Amino acid sequence: IINNEDDMVSPRNEFVLGSLDIRNGGGGLIMGDYKLIFGDQSPAYFTTDNYPNGTKAQPESIYCGNLTAGGCLFNIKLDISEMNDIVNKSENKALVEEMRTRYIELLNTTYTPNTGKDDPRCCQQIQINGGYWGPWLNSNSTQN
């Protein structure tokens, strides 16, 4: 997709990003130099001069709409920090529709297991960890 320093080319030209999560409609597709994402992207860490490693006290999030009428589009080669959503630029309309259609096709080939009910202890532990994932179940816990 993006050439490395040795100018080697990846044999892949598209990557599915997660799968469509029924709870928030998240997921997306990288195709060539572009990344199209959907749903609630949380936490979304944007690197800036003030927070160069993305460690803020409160994680930011962005909402990129749903699969049928939304999306955030980034040129990941020119905008490596993904700060400029170009989904609404008229010259990208055909690309967005092509990527959306391909993503829907690829969703039919992904495995999306039922992970059970949400566990609020998970979110509590993320807050304790300063916005980072970590274990929240002890070895004696059972999950419903």
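Scroll up a little and you will see the structure.
Remember, predicted model here, so these are calculated numbers, not experimental data.

Trainee: Looking at this structure, I do not really get unusual backbone geometry. What am I missing?
Mentor: Negative phi values dominate among residues other than glycine, just as trans dominates among peptide bonds. Positive phi values are uncommon outside glycine, yet Glu82 reaches one of about 55°. Take Glu82: it is sitting in the loop between strand S6 (72-75) and helix H1 (93-107). Overall, the relative accessible area of 18% leaves Glu82 in the buried class.

Trainee: Just to check I follow, could you spell out the pattern of salt bridges for this structure?
Mentor: Where charged atoms from two side chains of opposite charge come close, those side chains can pair. Under the criterion given, the structure shown has five salt bridges. Between Arg102 and Glu105 there is a salt bridge, with its nearest N and O atoms 3.1 Å apart. Taken together, the residues Arg102 and Glu105, both in helix H1 and three residues apart, mark about one turn of the helix. Taking relative accessible area as the criterion, Arg102 reaches 27% and is therefore assigned partly exposed. Two residues, Arg121 and Asp119, come together in a salt bridge whose shortest N-O distance is 2.8 Å. When salt bridges that share partners are traced, they join Glu14, Arg102 and Glu105 into one network.

Trainee: Explanation requested: the state of the cysteines in the structure shown.
Mentor: Think of a disulfide as a covalent bridge from one cysteine sulfur atom to another cysteine sulfur atom. Counted according to the given criterion, the structure contains one disulfide. Residue Cys64 pairs covalently with Cys72 via a disulfide, S to S 2.1 Å. The disulfide joining Cys64 to Cys72 has a torsion of about -100° about its S-S bond and is therefore left-handed. The burial state of Cys64 is the same as that of Cys72; both residues are buried. Counting only cysteine sulfurs, Cys123 is the nearest neighbor of Cys122, a cysteine outside any disulfide, at a range of 5.2 Å. With a relative accessible area of 8%, Cys122 lands in the buried category.

Here is what the cut-offs are and how they apply
Residues numbered from 1 in each chain as written. Predicted model: local features only at pLDDT ≥ 70, side-chain atom pairs only at ≥ 80, totals over all residues. Heavy atoms only, no water. Helix = DSSP H or I, 4+ residues; strand = E, 2+ residues; numbered from the N terminus. Buried < 20%, exposed > 50% of the residue type's maximum accessible area, 1.4 Å probe, protein only. Salt bridge = Lys/Arg side-chain N within 4 Å of Asp/Glu carboxyl O. Disulfide = S-S within 2.5 Å.

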